[in-house]
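As a plain string of letters, each chain reads:
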Amino acid sequence: MTAYGLLVSPSHNRVYAQAAAGLVKAELTVFSERALGGRVRDIEETAIGGVPYVTFSADELTDQDVRLLSNLSSLYALFQIEGGLLRPVELQPLDLFGSDLLTIQKYSGKTNEYFTKLLLNVTAMATDSPMDLVAGRPRVLDPMCGRGTTLNQAMMYGLDAAGIDIDGKDFDAYAAFIKTWLKNNRVKHQAEVTNIRREKAVLGRRLHVTLGASKERYKSGETMEITVVNADSLDAGKFFRPGSFDLIVTDAPYGVQHGSRPRGQQGRKGKPQLSRSPVELLTAAVPEWVGLLRSGGAIGISWNTYVGRREELADVLASSGLDVQDSGAYRGFRHRVDQAITRDLITARKP
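Figured I'd write up the structure that's included with this text. (Residues numbered from 1 in each chain as written. Predicted model: local features only at pLDDT ≥ 70, side-chain atom pairs only at ≥ 80, totals over all residues. Heavy atoms only, no water.)

**A word on the sheet that holds strand β1 (residues 2–8)**
Move 1: Taken in spatial order, the five strands of this open sheet run β2-β3-β1-β4-β5, and their pairing is antiparallel. The sheet terminates laterally at β2 (41–48) and β5 (85–89), the two strands that pair on one side only. When strand polarity is set aside, the average angle formed by the axes of neighbouring strands in this sheet is 35°.
Move 2: Bridge count between strand β4 (residues 75–82) and β5: five bridges; the pairing is antiparallel. Within the sheet, the bridge partner assigned to Phe79 lies in β5 and is Pro88. (Pairing = 2+ DSSP bridges. Helix = DSSP H or I, 4+ residues; strand = E, 2+ residues; numbered from the N terminus. Axes fitted to C-alpha atoms, helices over the stretch in contact; angles between N-to-C directions.)

Structure, rendered in structure tokens:
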């Protein structure tokens, strides 16, 4: 067995930094259980030279193992530990673009980009082919995408991704951001916003982006596609084909700065009534989303535990025919965001 030390990234905000080592420990446990045959063992939080590490032991890591571990959400560096000395392991992350794709957007309510990466990773591990994260090309949907943090992480990985959001301002903000970012970074692409029409009625708007990680890839047709629809997530089946996604990943409304609008609940002036509970929205939406997920694919949802219990979300997923992942490895992600939000995540696979 070889001992390893994972240096936790120092570039977190203060609150997330306090949880980062525990979160990447849980993430590594899921990686081991789902993709590495349980070969990663003795996972612990350890201080080395006064700096936080996550240490573990494993048989000699293969090149494919390192490719997978290189994408752990809070990984800054990886070392073999030999006689108290640290020998660097060369990382092979999937990242195709600079980190500013994920960090440059600043706005109230933005999900921490490290957590978004973690949620995408852990959801990918729940599929029937977890190594497809590095060896394949899973297609990602965020059915409540906001201003696109999940879409940008998928793009960073070189994956095709789609999103839906009912907020027109968020749609416009993301469209403006991604077009400006691609232009400023001289990424070869095409991008357009069009109306979605059915029988002469406008159902929503669509942003469609085709891009290449390099000019050479773009010219050869090796491209990625990012699609965002400005419409109600409860109508997702109107905009995407059944079984067309491998991963559905979303951060549910926290019921603090914003809420959800289950269909049929009317508030003042006929506007949909704002609900603080994500459970109501997910009860209505998950059956629609599941139809877009391929067999063997997985869904991952994060939420504020103050406005919804884990058991409630598990029931919603199970009642839609999904197999909830509930081993001890998946129970280590609960963490504090602020005084009104304690966040957790739950994943489930479609048989």
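There is more to say, and it comes next.
**Topic: the packing of helix α1 (residues 14–35) against helix α4 (residues 113–125)**
Move 1: At a minimum axis distance of 10 Å, the contact between α1 and α4 shows a crossing angle of 15°. In terms of orientation, α1 lies roughly parallel with respect to α4. Both α1 and α4 take part in a crossing whose hand is left-handed. For the pair α1 and α4, contact is made by Tyr16, Leu23, Glu27, Val30, Phe31, Arg34 and Ala35 and by Tyr114, Phe115, Leu118, Asn121, Val122 and Met125, respectively. (Parallel < 35°, antiparallel > 145°, perpendicular 65-115°, else oblique. Left-handed = near helix turned anticlockwise from the far one by under 90°. Contact = heavy atoms within 4.5 Å.)

**Focus: the environment of Tyr218**
Move 1: Relative to the helices and strands, Tyr218 resides in helix α8 (residues 215–220).
Move 2: With a relative accessible area of 17%, Tyr218 lands in the buried category.
Move 3: In contact with Tyr218, other than residues within four places in its own chain, are Lys188, His189, Gln190, Thr210, Leu211, Gly212 and Thr223. (Buried < 20%, exposed > 50% of the residue type's maximum accessible area, 1.4 Å probe, protein only.)

**Describing the side chain of Asp165**
Move 1: Among the structural elements, Asp165 can be located in strand β7 (residues 161–165).
Move 2: The exposure class assigned to Asp165 is buried, which follows from its relative accessible area of 12%.
Move 3: Of note is the side chain of Asp165, whose polar atom sits 2.8 Å from the backbone nitrogen of Gly146.
Move 4: Those residues in contact with Asp165 that lie beyond four places of it in its chain are Met144, Cys145, Gly146, Asp170, Val229, Asn230 and Ala231. (Polar contact = N/O pair within 3.5 Å; in protein donor to acceptor, adjacent residues only side chain to side chain.)

**A look at the pattern of salt bridges**
Move 1: Under the counting rule described, the total for this entry stands at 14 salt bridges.
Move 2: Connected through salt bridges with shared partners, the residues Arg310, Asp326, Arg331 and Asp344 form a single ionic network. (Salt bridge = Lys/Arg side-chain N within 4 Å of Asp/Glu carboxyl O.)

**Considering the environment of Lys219**
Move 1: Topologically, Lys219 is positioned in helix α8.
Move 2: Separated by 20 residues in sequence, Lys219 and Glu199 place their C-alpha atoms 36 Å apart.

**Focus on the environment of Thr250**
Move 1: Relative to the assigned elements, Thr250 resides in strand β11 (residues 245–251).
Move 2: Accessibility expressed as a relative area gives 0% for Thr250, which makes it buried.
Move 3: With 177 residues separating them in the primary sequence, Thr250 and Ser73 have C-alpha atoms 16 Å apart.
Move 4: Beyond its immediate chain neighbours, meaning those up to four positions away, Thr250 contacts Leu119, Asp142, Pro143, Met144, Trp289, Gly300, Ile301 and Ser302.

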